[in-house]
Amino acid sequence: MTKPFIKYISIVLTIYLMSYVSHSVYIGSIPALLIMGLVLLAVNFILKPILLLFTLPVNLLTLGLFSFIVNAWTIMIADQFVADISMGGFLNSLLAAFIIAIFDHLLRDMNKG
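Details of a nonpolar patch on the surface
Move 1: A cluster of nonpolar side chains, namely L13, Y16, L17, Y20, V21, I30 and L34, defines an oily patch on the protein surface of about 670 Å² accessible area.
Move 2: Of all the secondary structure elements, the ones that give two or more residues to the nonpolar patch are α1 (3–21) and α2 (30–46).
Move 3: When residues of the nonpolar patch are assigned to their parent elements, the largest contribution, five residues, is made by α1.
Move 4: Relative to the elements of secondary structure, L13 occurs in helix α1.

Rendered as structure tokens:
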């Protein structure tokens, strides 16, 4: 499997599971969830490198932990583009950023072996 496809699966799986765990995460329909995955991939591809460049000094001071904040911002930005999805704010987006990173890592490890 390719890296973008694994990332896409991680995004969709995370948002779907978070809708069951947190009542503030809302998914209106499955097509909206799939579109959210594509929009978040696009935002990560286009906007995330620019955000990481602007926040590089803070990211260096925090030894890379600030990148999770940038990931939460990208989730919140993508949330604004998809009508039937609501992530419920910054903390849910931050939690989703952590879970996406974990799923992405696990799926890539499973793909290697």
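So, next bit.
Structural notes on the side chain of N92
Move 1: Of note, N92 is situated in helix α6 (residues 90–112).
Move 2: A polar contact is formed between the side chain of N92 and the side chain of S24, at a distance of 2.5 Å.
Move 3: Sequence-distant contacts of N92, defined by excluding residues within four places in its chain, comprise M18, S22, S24, V25 and M87.

Let's talk about helix α5 (residues 66–81)
Move 1: Here α5 spans 24 Å end to end across 16 residues, near enough to the 22 Å set by a 1.5 Å rise per residue.
Move 2: On its buried face, α5 is in contact with α2, α3 (48–54), α4 (56–61), β2 (85–86) and α6.

A few points about the packing of aromatic side chains
Move 1: By the definition in use, this model includes three aromatic pairs.
Move 2: Plain terms: the ring middles of Y16 and Y20 are 5.2 Å apart, the flat faces sit at 80° to each other, and that makes the pair edge-to-face. Linking Y16 with Y20, this pair stays in helix α1, spanning four residues, or about one helical turn.
Move 3: According to the relative accessible area criterion, Y16 is partly exposed, its value standing at 34%.
Move 4: When its relative accessible area of 58% is taken as the criterion, Y20 is described as exposed.

Conventions and cut-offs
Residues numbered from 1 in each chain as written. Predicted model: local features only at pLDDT ≥ 70, side-chain atom pairs only at ≥ 80, totals over all residues. Heavy atoms only, no water. Patch = residues over 30% accessible without salt bridge, like charges linked within 9 Å, V, L, I, M, F, W, Y side chains within 5 Å. Areas by Shrake-Rupley, 256 points an atom, 1.4 Å probe, with all protein chains shown as cover. Salt bridge = Lys/Arg side-chain N within 4 Å of Asp/Glu carboxyl O. Helix = DSSP H or I, 4+ residues; strand = E, 2+ residues; numbered from the N terminus. Polar contact = N/O pair within 3.5 Å; in protein donor to acceptor, adjacent residues only side chain to side chain. Contact = heavy atoms within 4.5 Å. Expected span 1.5 Å × (residues − 1). Phe/Tyr/Trp six-rings, centres within 6.5 Å; stacked < 30°, edge-to-face > 60°. Buried < 20%, exposed > 50% of the residue type's maximum accessible area, 1.4 Å probe, protein only.

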